[in-house]
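Chain residues, written in single-letter form:
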Amino acid sequence: MRLAGLRPVAAAALLRIVFDLHELRHHLPTARLSFEPWPGRSPFSVAGAKYVAGENRTPRIPEAIITPLLAWSLRYVNYYAGDILASRAELDRLEAKRNRLVAAEAGLDHTDRRSRQRQRLNTYIAALRRQGRGIPIWTTAHNGTTRTDPQSGKVTPPINYHLIHLHAGIDAQVEPAMHLGLTTGAPDLIAAAIAELGTEIGGMDTPISADLDTGLPWRTRFDAKVLALEEVMLQSAAYVVCAYLSGMRDSEIQAMKRGCLSITRAEDGAILRHRIKSTAYKGKRGCGEETEWVTIAPVAEAIAVLERLSARAGQARGTTTLWPVLTLRANTKTHVSAEIVRQLNRFRDHLNDRFGTAQAPIIPASPNGAPWRLTTRQFRRTIAWHIANRPFGTIAGMIQYKHASVAAFEGYAGSSRSGFRGEIEAQRALGQIDDILVYFDDRQGGARLGGPAANRIGAALDTAAHELAPLPAMIADRPRLRTMLGSLARTLHVGPLADCFFDPATALCLNRISEPGATGPMIAMCEPVRCPNACIAERHRPAWQRGADEARLLLREKRLPEPQRVTLQAEVARIERVLEQIAPGAATPRTGVAGEGEEAGFRVTG
DNA sequence: TTGGATTTGGCGCGAGATTG
DNA sequence: CAATCTCGCGCCAAATCCAA
């Protein structure tokens, strides 16, 4: 096999078959292998392969991509899901009714059946007339076949005979001769109705909810095909929510079954904890180990949606998985499994096609210009990075973690044995290096620093730059730069109002807690204008600006008590000094804000 | 009228490659 | 090593067209 040019891993996969024939010998009628091939060895080692651990090469999803992706996934799960599930219920009702009618009329002669069908068609058309609606046409021209409107000459998708048949009680799949489009059907009635009422895309009755932004329906009404598509999109959206916000691996998410979610409530009924029971596959071949994850409300909602979404397919196939293949064709497997990757990327394209424009896509392209290729691993890696490095960023804000709290994240992500905590720590180290390199580049670009630590950090960055000279710093030897800045990076903790170059000996935040031995800063206790470890950079400007704006708004209140007014004015002045420090293009950088000892610093409140 | 033909997109699978 | 990813191939279903 090796001579045939196969890589060792590929050869190992083939050898595994031989091993399986022995392992499963008691279950095989003929092809069993009675002797053990290569006793005590694995196919991997027999094939001569060896594992060389390298650097983690799964890319992190850029913030510009994960933020809208998560926002739209949550929108699907929280808002659109209602319409999608309701439409499916409507379609099920229509089909059941159609089946009843067909069965009831099976014994009648052809003419009689036809006249009943035409009568029901007339009833349906009358109902559309009452509601001011048109004859249903499909949303898309399925195979390029189109219909040309006899009056306007416009090209539209074809007439949705499928839906009309449901209302008229016809199963054209079973009895093609009953198709209403045939001359013996009712093309006369339908053509007349279109001339009178016009057409309507989709045509199902379930109303479409208003979009949060525009107040208009978020899409046209459903037809059977579009409904199936949106169900798959909803499944993908739920996957994004589960994968990203829980930090579970793909195999663990896909092992979730109906009823895997449990909620612990306090005595007063308030929700304390959402728990997911699933199976962790880590180093175990074949069978996994039941494990429990603690998660947050958005994931619980996504699972609730999945339970309803998977009900139909699950019932038809007799599975309890939350991830069935939704189409009910024969010869399909029961579980989405690896197809989820294609589905996720289809979801990305769907969002752009449906809700974005060429100029302003919903999910922007990746840095190389091509669409970002989503894979399942990226989500876990990205959330680990966010938890480690931006616990208060846009993602945290989106899921209502208003108060920056690393602990809250760790509460749901770190409790299980899935090794997620270790992953977070690995990402923290990487993030710190990335962040310090941003500092370095900004410094080379002339950016200025504020806060008490500004001088110390500025000097350290300049030293590094000096040592790299005479190379132009921007194209300097990056690996060497990483090494040089490594120790500084390890102390860096990014915060909303200031970054902390943490030194436990001088950290003010640690004065406020009693237990010694803290290994990191208490971000919620940060006093960025006083603490010698605080460094304020351009990226913190919006937060400070917001603080100033809020204070100014309060100052406009005429009946403000005088002491409070004085305090607020002092705060505005202090913020302005900070903003001045980091203002681009001003004179030489100054040290931290002097003479600011009289009161507790500007605390993190947002 | 009827039984293919046509077209399209989605799905399942397998082989090999990649990743942690 | 096990899990996961990639991607082409082939199959299938759906809706309608079209020739016999």
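Basis of the calculations
- Residues numbered from 1 in each chain as written.
- Chains lettered and ligands numbered in written order.
- Predicted model: local features only at pLDDT ≥ 70, side-chain atom pairs only at ≥ 80, totals over all residues.
- Heavy atoms only, no water.
- Helix = DSSP H or I, 4+ residues; strand = E, 2+ residues; numbered from the N terminus.
- Areas by Shrake-Rupley, 256 points an atom, 1.4 Å probe, with all protein chains shown as cover.
- Pairing = 2+ DSSP bridges.
- 1 Å grid on protein atoms, 1.4 Å probe; cavity = no way out; pocket = protein on both sides within 12 Å on 5 of 7 lines; lining within 4 Å.
- Points joined across faces, edges and corners; volume = space filled by probe spheres on them.
- Nonpolar A, V, L, I, M, F, W, Y, C, P; charged D, E, K, R; others polar.
- Core = buried A, V, L, I, M, F, W, Y, C linked by side-chain atoms within 4.5 Å.
- Buried < 20%, exposed > 50% of the residue type's maximum accessible area, 1.4 Å probe, protein only.
- Contact = heavy atoms within 4.5 Å.
- Salt bridge = Lys/Arg side-chain N within 4 Å of Asp/Glu carboxyl O.
- Polar contact = N/O pair within 3.5 Å; in protein donor to acceptor, adjacent residues only side chain to side chain.
- Axes fitted to C-alpha atoms, helices over the stretch in contact; angles between N-to-C directions.
- Parallel < 35°, antiparallel > 145°, perpendicular 65-115°, else oblique.

Naming follows an unreviewed UniProt entry, where chain A appears as Integrase of Novosphingobium sediminis.

*Asks:* Before we move on, can you summarise the overall build of chain A with the specific residues and values?
*Replies:* The helix and strand tally for chain A stands at 19 helices and 10 strands. When the accessible surface of chain A is split by element, carbon and sulfur atoms take 56% of a total near 31,100 Å².

*Asks:* For the sheet that holds strand β10 (residues 534-535), give the residues involved together with the corresponding values.
*Replies:* Read across the open sheet, the 3 strands follow the order β8-β9-β10; overall the sheet is antiparallel. Here the strands that pair on one side only, and so sit at the sheet edges, are β8 (492-493) and β10.

*Asks:* Quick one: what's the story with empty space enclosed by the protein, residue by residue and with numbers?
*Replies:* Per the stated rule, a full pass over the model turns up 2 cavities of 30 Å³ or more. Its volume calculated, the largest cavity comes out at about 100 Å³. Around the largest cavity sit 14 residues that line it, and Cys-500, Cys-509, Cys-526, Glu-527 and Cys-531 are the ones nearest its centre. The residue makeup of the lining of the largest cavity, split by class, is 11 nonpolar, 1 polar and 2 charged.

*Asks:* So what's going on with the nonpolar core? Residues and values would help.
*Replies:* Core analysis: the largest hydrophobic core is formed by 83 residues, its most contacted members being Tyr-76, Met-256 and Phe-379. Elements supplying a minimum of two residues to this core: α3 (63-104), α4 (110-131), α5 (161-168), α6 (187-197), α7 (224-246), α9 (297-309), α11 (339-355) and α12 (376-389). Considering every element that reaches this core, the biggest residue donor is α7, with 15 residues. When residues no more than four places from it in sequence are discounted, the contact partners of Tyr-76 are Ala-81, Ile-84, Trp-218, Glu-230, Met-233, Leu-234, Ala-237, Phe-347, His-350, Leu-351 and Phe-355. The next biggest cluster of nonpolar side chains, apart from the first, holds 21 residues, and it includes Phe-440, Leu-461, Ala-465 and Leu-481.

*Asks:* An account of the environment of Val-77 is needed here, citing residue identities and associated values.
*Replies:* With respect to the secondary-structure elements, Val-77 resides in helix α3. Measuring from C-alpha to C-alpha, the distance between Val-77 and Ala-304 comes to 9.4 Å, with 227 residues separating the pair along the chain. For Val-77, the residues in contact, after removing those within four places along its chain, are Leu-234, Ala-237, Ala-238, Val-241, Glu-301, Ala-302 and Val-305.

*Asks:* How would you summarise the environment of Ala-316 if you had to cite specific residues and measurements?
*Replies:* Relative to the helices and strands, Ala-316 resides in helix α10 (residues 311-317). In this structure, the C-alpha to C-alpha distance between Ala-316 and Thr-334, residues 18 residues apart in sequence, is 9.8 Å.

*Asks:* Go over the pattern of salt bridges, please, and point to the residues and values.
*Replies:* Inspection of the entire model under this criterion finds 22 salt bridges. Asp-205 is the salt-bridge partner of Arg-133, the closest N and O atoms lying 3.0 Å from each other. With Arg-133 in the loop between α4 and β1 (135-137) and Asp-205 in the loop between β4 (199-201) and α7, this residue pair connects regions lying 72 residues apart in the sequence. On the basis of relative accessible area, Asp-205 is assigned to the partly exposed category, the value being 34%. Connected via shared salt-bridge partners are Glu-105, Asp-112, Arg-116 and Arg-120.

*Asks:* Provide a residue-level description of the side chain of Thr-321, including the pertinent values.
*Replies:* By the element assignment, Thr-321 lies in the loop between α10 and α11. On the basis of relative accessibility, which here comes to 6%, the residue Thr-321 falls in the buried class. Within polar-contact distance, the side chain of Thr-321 engages the backbone nitrogen of Trp-323 at 3.0 Å. Once you skip the residues sitting within four places of it in the chain, Thr-321 turns out to touch Gln-254, Met-256, Lys-257, Ser-310 and His-335.

*Asks:* Lay out the environment of Glu-292 in plain terms, naming residues and giving numbers.
*Replies:* Position of Glu-292 relative to the elements: it lies in strand β7 (residues 289-295). The sequence separation of Glu-292 and Ser-278 amounts to 14 residues, and the corresponding C-alpha distance is 6.3 Å.

*Asks:* Explain the packing of α7 against α11 to me, and be specific about the residues and the numbers.
*Replies:* Where α7 meets α11, the closest approach of the two axes is 9 Å, and the angle between their N-to-C directions is 105°. With respect to each other, α7 and α11 are oriented roughly perpendicular. Contacts from Leu-229, Glu-230, Val-232, Met-233, Gln-235, Ser-236, Ala-237, Tyr-239 and Val-240 in α7 reach Ile-340, Gln-343, Leu-344, Arg-346, Phe-347 and His-350 in α11. Tallied by class, residues from the contact of α7 with α11 come to 9 nonpolar, 4 polar and 2 charged.

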